[in-house]
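Coordinate analysis (summary)
This is what each chain is made of:
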Amino acid sequence: MAERNGRTVRDLRRANRTAVLQRLYFDGPLSRFELGPATGLSSGSVSNVVADLIADGLLEEAGSVDSDGGRPRTLLRVAPGSGHMIGVDVGETRVRIELFDLALTELARAERPLADQGYDVEVIVGHIRDGVTEVLAATGITPDQLLGVGIGVPGIVERTPDRGAVVHGQTIGWDAVPLESLLRSAAGLPDTVACFIDNGAKTLGQAEMWFGGGRGARNAAVVLFGSGVGACLVTADVSQGRAVEWGHLTVRVRGRRCRCGALGCLEAYAGAESLLERWREGGGHPPEGVDEETALTAMLAAAHPDRGPDVDPVAHTVLEETAEYLGAGLSDLINLFQPERILIGGWAGLQLGTGFLPAVRRHATAYALRHPAEKVTIELGTLGPDAVTVGAAILPLADFFARGGRRPEPAPEGQPPAWRAALRERTPG
């Protein structure tokens, strides 16, 4: 039966379940009495939805609180063990796979370093397949207990009706890689386990907005500063965030050649890979035979003021220049989008840390228009090096909430699973 606005009773029930689940997830534990004003639902609707969610095993009691003159009120929370998600970060130095419960508590992790093989697609797919198998085996969780697998990758992700998520990663040599279909054929997961693939900067942004330094902001930019550079924009129009190839803004005409092939990109000056190259080109001595994270640590140590006369002047100069390039790049985000907050994350951003931040702020303010610059704060992200993985796990979690906490039903023989049918309906063309 449909209502006048076209919504069915089933749609209304799903929306009510979503409202209760999300409110308890972010603000719980809460009593039934508190859920009414918190969700805008009537007390009768709250009682019905809560009973339904308890029957489904999604809610559990979490103690009680005294009420004014009446019986104590039972507190409710989302049951952490009622669902599980896997988050994957296809990063610059490693592939990280983590298994979480519904409260995003890490239950197991696996890591596969990326060395000489780099971003060879078959190698990446194999690392994800083996990592998923490893974390499931470590916990005894079975694939049918998963809400889905979320994966953060470098590059632009295009969703197609026939091949699922296709990745265009120009800087890593991926040209229309059908990553989802490759994982489907290699990982052995049942069709009912949804696979969500998105840009790594976006998954970082989603994690910071849900649980980190972005909470409460309506407009924010979350920057991923690693071997390369990327960003996620969150605005009133795009609440889930939108990945932008910020690292490929031109900051210097006829400048250094970027990994993408163009000249003068921000990434060619502010990415960790370019920092180390510029240090070497200037006469510095980055350690050989180590990964980028270790080499950047050595660079920071060489440039540290505490070294006194032994400070490496080349490393010091390159880091100062990088702070200016990064600040100038942030000024473009400030002028174009006028965010309330800018958060800097990614392994390189976190390594450079608070000592790097004042110079970045100073340059961003100098290059930006005065009015929007006065309204923005620039801070480090708060979720640490696992933020991309956490954000990847949020992808299936957000889908689970949107469906009112219901899992996809098995598809009839020969038909696509419900999550893929919905994807096809949303995909243009």
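Criteria and thresholds
Residues numbered from 1 in each chain as written. Predicted model: local features only at pLDDT ≥ 70, side-chain atom pairs only at ≥ 80, totals over all residues. Heavy atoms only, no water. UniProt positions renumbered as here; feature names shortened; annotations may be inferred. Buried < 20%, exposed > 50% of the residue type's maximum accessible area, 1.4 Å probe, protein only. Helix = DSSP H or I, 4+ residues; strand = E, 2+ residues; numbered from the N terminus. Pairing = 2+ DSSP bridges. Axes fitted to C-alpha atoms, helices over the stretch in contact; angles between N-to-C directions. Contact = heavy atoms within 4.5 Å. pLDDT = per-residue confidence, 0-100. Expected span 1.5 Å × (residues − 1). Arc of directions from axis to C-beta. 1 Å grid on protein atoms, 1.4 Å probe; cavity = no way out; pocket = protein on both sides within 12 Å on 5 of 7 lines; lining within 4 Å. Points joined across faces, edges and corners; volume = space filled by probe spheres on them. Nonpolar A, V, L, I, M, F, W, Y, C, P; charged D, E, K, R; others polar. Disulfide = S-S within 2.5 Å.

An unreviewed UniProt entry lists the protein under the name ROK family protein, with Streptomyces flavalbus as the source organism. Recorded under Sequence similarities (unreviewed entry), the UniProt text for the protein is reproduced unchanged: "Belongs to the ROK (NagC/XylR) family."

Regular strands place their side chains on alternate faces of the sheet. Among the 8 residues of strand β7 (residues 146–153), 8 are classified as buried, and the element is accordingly described as predominantly covered. Alignment of strand β4 (residues 84–90) against β7, held across 6 bridges, turns out to be parallel. Bridged to Asp89 within β7 is Gly152.

Across a sheet, paired strands are connected by hydrogen bonds in the backbone, their directions being either parallel or antiparallel. In spatial order, the strands read β6-β5-β4-β7-β11; together these 5 strands make up an open sheet with mixed pairing. Sheet topology places β6 (106–113) and β11 (195–199) at the edges, where each strand pairs with a single neighbour. Adjacent strand axes in the sheet meet at a mean angle of 15 degrees when their direction is disregarded. For strand β5 (residues 94–101) and β6, the ladder comprises 7 bridges, and the chain directions are antiparallel. Considered in β6, the bridge of Arg96 is made with Glu111. Sheet strands touched by helix α4 (residues 121–139): β4, β5, β6 and β7. Its angle to β6, the strand with the most contacts, is close to 150 degrees.

A word on unusual backbone geometry. Cis geometry is found at the peptide bond from Gly28 to Pro29, where omega equals 5 degrees. Even without glycine at this site, Arg254 takes up a positive phi of about 55 degrees. The topology assignment puts Arg254 in the loop between β14 (242–244) and α7 (267–270). With phi around 50 degrees, Gln338 is a residue other than glycine that occupies positive phi space.

Averaged over all residues, the pLDDT of the protein is 88; the fraction at 70 or higher stands at 91%. With pLDDT under 50 throughout, residues 421–429 is counted as low confidence; its partners more than four residues away or in other chains account for 9 contacts.

With that settled, consider helix α3 (residues 43–55). Across its 13 residues, α3 extends 18 Å between first and last C-alpha, which sits within 8% of the 18 Å expected from 1.5 Å per residue. Among all positions in α3, only Val46, Val49, Val50 and Leu53 are buried. Buried positions in α3, seen along its axis, are confined to an arc of 100 degrees and lie on one side of it. Exposed residues pointing more than 90 degrees away from the buried face of α3 are listed as Asn48 and Ala55. Looking at the buried residues of α3, the elements they touch are α1 (9–27), α2 (32–39), β2 (59–65) and β3 (73–78). Gly57 occupies a position one or two residues after α3 and carries a positive phi of about 80 degrees.

Take the layout of surface pockets next. If you roll a probe as big as a water molecule over the atoms, it shows you where there is empty space left. Within this model, the second largest pocket holds a volume of roughly 710 Å³. If you trace the second largest pocket, you find 41 residues lining it, with Val90, Glu92, Pro154, Leu224 and Gly228 closest to the centre. Elements represented by at least two residues in the lining of the second largest pocket include exactly β4, β5, β7, β9 (164–169), α6 (200–211), β13 (229–234), α11 (347–367) and α13 (387–402). Of the residues in the lining of the second largest pocket, the class split is 17 nonpolar, 16 polar and 8 charged.

Glancing now at the state of the cysteines. For the structure on display, the rule yields 0 disulfides. A disulfide-free cysteine, Cys232 has its sulfur positioned 19 Å from the sulfur of Cys195, the nearest such atom. In this structure Cys258 is not part of a disulfide, and its nearest cysteine sulfur, from Cys260, lies 3.8 Å away.

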